[in-house]
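Residue strings, one per chain:
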Amino acid sequence: MNIHIPTPLRPYTGGLETVSISGATVNAVFQQLTASYPELKQHLFTPEGKLRSFVNVYLNDDDIRYLDAQQETAVKDNDELTIIPSIAGGTSCSSPAPDGATRFPPGATLSVQGAAYTSLRQMLSAKGAAYTSLRQMLSAKGAAL
Amino acid sequence: MLRIDYADYEALRAHGEETYPNECCGVLLGRNVAGEGNSAAATNHVRQIMRAGNTRTDSAHNRYNIAPQELVKIQRQARGLGLDIVGFYHSHPDHPAQWSKTDFAEAHWLGCSYIITSVEQGKAVTTNSFLLRGTAEDDKKFEDEAIQIDIAHTTAETVASNQKGHA
């Protein structure tokens, strides 16, 4: 069966996005997967051998945690297994406020027609025109966003 | 470095304004140009952004979560487009565009870019990007990441082509 690997784990599969592994159950497939790519194991499982809490595994469109047999669920060659880490967050417990409130972050550059600028003001100034906004400049130049 | 078209950059900021006072979230599809997620020289080049639903309806003003099922579908779509998931974006309503402890604790996509836009009183203000570096959960860290915003796709291609020619 095909197993789809998320981008953070591809360094451990030789860069492969999809690997093909045989096995009768989800568990058997996992054992073969981690035997073929040993470095994957610590990223998928705790030292006690449990699937890490932030690692979701889908058998086709079903989360294996909610399947009756979970990791002992039988699989077929044409099934697909997708490994997908969770994504969440939010402002609760925020870090300290940043200094300044610039439109572009420090180090950001704006690339226009081959020239790089560190701020909108710098770019508009370099254009030698009294544009008050990027939209106004683009509009004047007949550019379509 | 993160590289993104101006239209996508504006679209993700607009998404934060639309969902205000709640957090928005979405996925960045593209390619890691150097092919090495943690290489200093690697660039997450965004080719497309995909909006996602925030499942944290219980606390949507200060938390976000993308349903794994939706992520699976987005990853499937990305595969069809020949793209990868290279990062995520979300907004901080009336909060700075800095990662929070919650953002860090729940960040697991090593090598990916996490864009945060502060939305103050309904207006998108600051947009920052943070690269999640590290090799595992115990050594991961967020680093400030430079953003290159391309005004026109053709321009970006020209620049890239010129640089290649000079190499």
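About the criteria used
- Residues numbered from 1 in each chain as written.
- Chains lettered and ligands numbered in written order.
- Predicted model: local features only at pLDDT ≥ 70, side-chain atom pairs only at ≥ 80, totals over all residues.
- Helix = DSSP H or I, 4+ residues; strand = E, 2+ residues; numbered from the N terminus.
- Buried ≥ 20, exposed ≤ 12 C-beta atoms within 10 Å, placed from the backbone.
- Contact = placed C-beta atoms within 7 Å.
- Pairing = 2+ DSSP bridges.
- pLDDT = per-residue confidence, 0-100.
- Axes fitted to C-alpha atoms, helices over the stretch in contact; angles between N-to-C directions.
- Expected span 1.5 Å × (residues − 1).
- Arc of directions from axis to C-beta.
- Core = buried A, V, L, I, M, F, W, Y, C linked by C-beta atoms within 7 Å.

1. A word on the overall build of chain B
1) Next: Looking only at helices and strands, one finds 4 helices and 9 strands in chain B.
2) Next: Of the regular secondary structure in chain B, the N- to C-terminal order runs β-α-β-β-β-α-β-α-β-β-β-β-α.
3) Next: Across the 167 residues in chain B, those meeting the buried criterion constitute 49%.
4) Next: Across chain B, the fraction of contacts at a sequence separation of at least 24, relative to all contacts at a separation of at least 6, is 63%.

2. Describing the overall build of chain A
1) Next: Looking only at helices and strands, chain A features 4 helices and 8 strands.
2) Next: Secondary structure elements of chain A, listed N to C terminal, follow the sequence β-β-α-α-β-β-β-β-β-β-α-α.
3) Next: When contacts within chain A are restricted to residue pairs at least 6 apart in sequence, those whose partners lie at least 24 apart make up 44%.

3. Some details on the pairing of strand β7 (residues 123-133) of chain B
Residue and element names in this part refer to chain B.
1) Next: With 8 of 11 residues buried, β7 is to be regarded as a mostly interior element.
2) Next: Relative to β7, strand β6 (residues 113-120) is paired through 7 bridges, and the arrangement is antiparallel. Across the sheet, valine 119 pairs through a bridge with alanine 124, a residue of β7.
3) Next: In this antiparallel pair of consecutive strands, β6 and β7, the connection spans 2 residues, and glutamine 121 shows a positive phi of 50 degrees.
4) Next: Alignment of β7 against strand β8 (residues 141-145), held across 5 bridges, turns out to be antiparallel. Bridge pairing in β8 places arginine 133 opposite lysine 141.

4. Observations concerning the confidence of the model for chain B
Residue and element names in this part refer to chain B.
1) Next: With 87% of its residues at a pLDDT of 70 or more, chain B has an overall mean of 88.
2) Next: Confidence drops under pLDDT 50 across residues 156-167; counting only partners more than four residues distant or on other chains, this segment forms 6 contacts.
3) Next: Two summary scores accompany this predicted model of the complex, namely pTM at 0.78 and ipTM at 0.82.

5. Focus: the sheet that holds strand β4 (residues 62-63) of chain A
1) Next: Strand order across the open sheet formed by 5 strands is β2-β1-β5-β3-β4 (chain A), with mixed pairing between neighbours. Both outer strands of the open sheet, β2 (18-20) and β4 of chain A, are each paired with one neighbouring strand and no more.
2) Next: Along the sheet, helix α2 (residues 68-81) of chain B makes contact with β1 (2-4), β3 (55-59), β4 and β5 (80-85) of chain A, crossing β5(A) at roughly 115 degrees.

6. Points about α2(B)
Along an α-helix, residues three or four apart share an orientation, since each turn contains 3.6 residues.
Residues and elements named next belong to chain B.
1) Next: Between its first and last C-alpha, α2 extends 20 Å over 14 residues, near the 20 Å set by a 1.5 Å rise per residue.
2) Next: Of all the positions in α2, only Pro68, Leu71, Val72, Gln75 and Ala78 are classed as buried. Here the buried residues of α2 occupy an arc of 125 degrees about the axis, which is enough to place them on one side. Seen from the buried face of α2, the exposed residues on the opposite side, beyond 90 degrees, are Gly80 and Leu81.
3) Next: Just beyond α2, the residue with positive phi is glycine 82, at close to 75 degrees.

7. Considering the nonpolar core
Nonpolar side chains in soluble globular proteins tend to be buried together.
1) Next: Membership of the largest hydrophobic core comes to 53 residues, with the highest contact counts inside it found for Cys25(B), Leu28(B), Phe88(B), Cys112(B), Tyr114(B) and Leu132(B).
2) Next: The residues contacting Leu132(B), other than those within four sequence positions of it, are Ala107(B), Trp109(B), Leu110(B), Gly111(B), Cys112(B), Tyr114(B), Lys140(B) and Phe142(B).

8. Overview of the environment of Glu80(A)
1) Next: Mapped onto the secondary structure, Glu80(A) falls in strand β5.
2) Next: Classification of Glu80(A) by C-beta neighbours within 10 Å gives partly exposed; the count is 16.

9. Remarks on the confidence of the model for chain A
Residue and element names in this part refer to chain A.
1) Next: Predicted confidence across chain A gives a mean pLDDT of 80, with 63% of residues reaching 70 or more.
2) Next: Here helix α3 (residues 120-126) is the element of chain A with the lowest mean pLDDT, 61, and β1 is the one with the highest, 97.
3) Next: Across residues 93-103 the pLDDT falls below 50, and counting only partners more than four positions away or on other chains, this stretch makes 18 contacts in the model.

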